[in-house]
Amino acid sequence: MSESGPAILVLEDGRVFHGRSFGATGETFGEAVFNTGMTGYQETLTDPSYHRQIVVMTAPHIGNTGVNDDDPESGRVWVAGYVVREPARITSNWRAERTLDEELRRQGVVGVSLTGTRALTRHLRDRGVMRAAISTTETDPLALLERVRQQPAMAGADLAAEVSTREPYEVMPPEGVPARFHVAAVDLGIKAMTPQRLAERGCRVTVLPASATTEDILALDPDGVFFSNGPGDPATADGPVAAMRGVLDAGRPLFGICFGNQILGRALDLGTYKLPFGHRGVNQPVIDTRSGRVAITSQNHGFAVDAPLDTPFDTPYGRAEVSHIGLNDRVVEGLRLLDRPAFSVQFHPEAAAGPHDAAELFDAFVDLMSAQPAPAAK
Ligand SMILES: NC(=O)CC[C@H](N)C(=O)O
């Protein structure tokens, strides 16, 4: 890696961190959040849910395995900026095609390497996530702070349309796996691994833009409907909420992940709220409220659904219950309808870097589709 110049990171409350430039040079703004994963940095960087966020990695050494063209979760790096303690000086993996530093430069992603990632993480944990900037060009932190404070906040941000596909596309089951079901997947920022996990289980997946209406979805006559993860504040996602309500009215099997879980919460007339510092990492424990089993899960969310944890509750679509609860802070991590074939989780059963404890949820969705009477017009 070439010698790098100085870079500064400024938080909206005025705290300043000095480090060295990493990746592209320039200036970038976003919400500073931390991720505790020790693996999966390439999946993190390319997860569209990180759009407009500056991601701070708590693992002290990032980049050892470089970057390859097989692991991305989407066609580009989405993080607005990247903060690491120590970038790997040597890339050591047989699959590597480039170094991480090269990839960030290639994609114009401004990063910073700083000794104080622990102090920064503790600050965000104590004060909550906040707007921030990284700059290799501004030497006056106060001037940068002024620009940070002019940036839009994540609360109230409507971002799904900015990351979603413009045109529908299909993901087919792999060779030798017959297509037993057709799934319509609404792309609010979908990770590539999600349609793959469905395709592996015999689903032909039609991925639709975030603007898809109930009519667009039902026009495909799908066996099941999926609502994906995605960036931004679920309180702004009125279009997807309306589309999902139509799918629930039609009684089609429904599954949602992360943003999709928050959309289901809203479709059920539950509220959503912003967590102080969110859940981002690969070792988040959740308990299944029915079986009592604990799964270690991958998560990336800054908002959550507000629902009664201990009892089923009434919704416009019959009774529902909280299916999963986060064990670190008792946040709602899943919803299940009791009178309709619909459920969702706030965590990531598809997580490519693992863990795979919750992968069986894709089987549960397939089971829901198997249990439905075949639609008449097929
Ligand atoms: N990964 C996601 O789908 C994130 C959902 C939402 N943007 C949140 O931060 O909570």
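Residues numbered from 1 in each chain as written. Predicted model: local features only at pLDDT ≥ 70, side-chain atom pairs only at ≥ 80, totals over all residues. Heavy atoms only, no water.

Colleague: What is the right way to look at the overall build of the protein chain in this model?
Modeller: Along the backbone of the protein chain there are ten helices and 20 strands. Computed over C-alpha atoms, the radius of gyration of the protein chain comes to 21 Å, within 12% of the 21 Å expected from 2.2 N^0.38 for 378 residues, which places it in the range of a compact globule. When its C-alpha atoms are laid out on the principal axes, the protein chain stretches across 65 × 45 × 35 Å. When each of the 378 residues of the protein chain is scored for burial, the buried share is 58%. Considering only intrachain contacts with a sequence separation of at least 6, the fraction spanning at least 24 residues in the protein chain is 74%. When the accessible area of the protein chain is evaluated, it comes to approximately 15400 Å², of which 49% is carbon and sulfur surface. Charged side chains of the protein chain number 35 positive and 48 negative; the gap between the two group centres comes to 4 Å. (Helix = DSSP H or I, 4+ residues; strand = E, 2+ residues; numbered from the N terminus. Rg over C-alpha atoms; globule rule 2.2 N^0.38 Å. Buried < 20%, exposed > 50% of the residue type's maximum accessible area, 1.4 Å probe, protein only. Contact = heavy atoms within 4.5 Å. Areas by Shrake-Rupley, 256 points an atom, 1.4 Å probe, with all protein chains shown as cover. Lys, Arg positive; Asp, Glu negative; His and termini not counted. Charge placed at Lys NZ, Arg CZ, Asp CG, Glu CD.)

Colleague: Is there a simple way to explain helix H8 (residues 238-249) in this structure?
Modeller: Because each turn of an α-helix spans 3.6 residues, side chains separated by three or four positions in sequence point in the same direction. An ideal rise of 1.5 Å per residue puts 16 Å on twelve residues; H8 measures up with 17 Å between its terminal C-alpha atoms. By the burial criterion, the buried members of H8 are Pro240, Val241, Ala243, Met244, Gly246, Val247 and Leu248. Among the structural elements, helix H7 (214-218), strand E13 (224-227), strand E14 (254-257), helix H9 (259-267), strand E19 (332-337) and strand E20 (342-345) are those in contact with the buried residues of H8. (Expected span 1.5 Å × (residues − 1).)

Colleague: Hey, could you run me through the pattern of salt bridges in this one?
Modeller: A side chain with one charge may pair with a side chain of the opposite charge, provided their charged atoms come close. Tallied over the full model, the rule gives 26 salt bridges. Note that Glu200 and Arg201 form a salt bridge whose closest N and O atoms lie 3.8 Å from each other. Taken together, the shared-partner salt bridges in this structure form one network comprising Asp69, Arg98, Glu103 and Arg106. (Salt bridge = Lys/Arg side-chain N within 4 Å of Asp/Glu carboxyl O.)

Colleague: It is not clear to me how a nonpolar patch on the surface should be interpreted in this structure. Could you clarify?
Modeller: Taken together, Val294, Ile296 and Leu327 make up a surface patch of nonpolar side chains, about 220 Å² in accessible area. Position of Ile296 relative to the elements: it lies in strand E16 (residues 294-306). According to the relative accessible area criterion, Ile296 is partly exposed, its value standing at 34%. (Patch = residues over 30% accessible without salt bridge, like charges linked within 9 Å, V, L, I, M, F, W, Y side chains within 5 Å.)

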